[in-house]
Amino acid sequence: MTRRAMMVVAASGSLGLLLGAWAFQYIGGLPPCAMCIWQRYPHAVAVVIGLIALRFGTATLAWLGAAAAFATAAIGAYHTGVERDWWEGPTTCSSGPIGGLSTDELFDQIMAAPLVRCDEVPWELFGLSMASWNMIVSLVLMGVWIAAARRPA
């Protein structure tokens, strides 16, 4: 397989993960938490790199794709730790500041914005959450990007 083809395969993997996440969100009715959204950005970057690779299949682009895959895997690993209570997650995944709010204002804030917590697992397969699966698949995609980078032009 050529370097360019390997890069397109890796970028297609990121596109598949993005489409899967959107399907869970819009078809499955599982709104994402903040860290779920963070994991999507590097996948989007990898897809763009894959599109550029269709024209320029350079090793540098492959290394950038590997970095994007590593970034989303790292966020997925962190998110998995938050879900498993290995460490505390960011405050953006729990609730906003409530100091100075009246009871009615607090109630309105709670009712107006659905709270999707990063430390709860809304879906899992074989005991692994979506964040865990994202980490595993992203590490595999990182391997494909690295193999592409090492492949002669």
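These remarks concern the structure in this document. Since the structure is predicted, the reported quantities are computational estimates derived from the model, not experimental observations.

**What to know about the overall build of the chain**
Now for step 1: On a plain count of helices and strands, the chain comes out with 5 helices and 2 strands.
Now for step 2: Traced from its N-terminal end to its C-terminal end, the chain shows the element sequence α-α-α-α-β-β-α.
Now for step 3: Looking at the chain as a whole, 31% of its 153 residues qualify as buried.
Now for step 4: Partitioning the contacts of the chain with sequence separation of at least 6, the portion at a separation of at least 24 is 78%.
Now for step 5: When the accessible area of the chain is evaluated, it comes to approximately 8,900 Å², of which 70% is carbon and sulfur surface.
Now for step 6: Here the chain holds 8 positive side-chain charges and 9 negative ones, and the gap between their average locations is 32 Å.

**Some words on the packing of aromatic side chains**
Now for step 1: Under the counting rule described, the total for this entry stands at 3 aromatic pairs.
Now for step 2: For the pair W86 and W87, a centre-to-centre distance of 6.0 Å together with 65° between the ring planes defines the contact as edge-to-face.
Now for step 3: On the accessibility criterion, W86 (57% relative accessible area) is exposed.
Now for step 4: Among the aromatic residues, ring-to-ring pairing joins Y78, W86 and W87 into one connected group.

**Structural notes on the nonpolar core**
Now for step 1: Judged by nonpolar contacts, the single largest core of 17 residues is most densely connected at M7, A62, A69, W145 and A148.
Now for step 2: Elements with a minimum of two residues in this core: α1 (3-26), α2 (34-53), α3 (59-83) and α5 (130-150).
Now for step 3: Counting residues in each nonpolar core, the second largest holds 5 residues, with C33, V82, C93 and C118 among its members.

**Section: unusual backbone geometry**
Now for step 1: With a phi angle near 65°, D85 is a residue other than glycine that sits in the positive phi range.
Now for step 2: With respect to the secondary-structure elements, D85 resides in the loop between α3 and α4 (103-112).
Now for step 3: For F126, which is not glycine, the phi torsion reads 55° and is therefore positive.
Now for step 4: Along the chain, F126 falls in the loop between β1 (124-125) and β2 (128-129).
Now for step 5: Taking the relative accessible area as the measure of exposure, F126 reaches 73% and is therefore exposed.

Reading the values: rules and limits
Residues numbered from 1 in each chain as written. Predicted model: local features only at pLDDT ≥ 70, side-chain atom pairs only at ≥ 80, totals over all residues. Heavy atoms only, no water. Helix = DSSP H or I, 4+ residues; strand = E, 2+ residues; numbered from the N terminus. Buried < 20%, exposed > 50% of the residue type's maximum accessible area, 1.4 Å probe, protein only. Contact = heavy atoms within 4.5 Å. Areas by Shrake-Rupley, 256 points an atom, 1.4 Å probe, with all protein chains shown as cover. Lys, Arg positive; Asp, Glu negative; His and termini not counted. Charge placed at Lys NZ, Arg CZ, Asp CG, Glu CD. Phe/Tyr/Trp six-rings, centres within 6.5 Å; stacked < 30°, edge-to-face > 60°. Core = buried A, V, L, I, M, F, W, Y, C linked by side-chain atoms within 4.5 Å.

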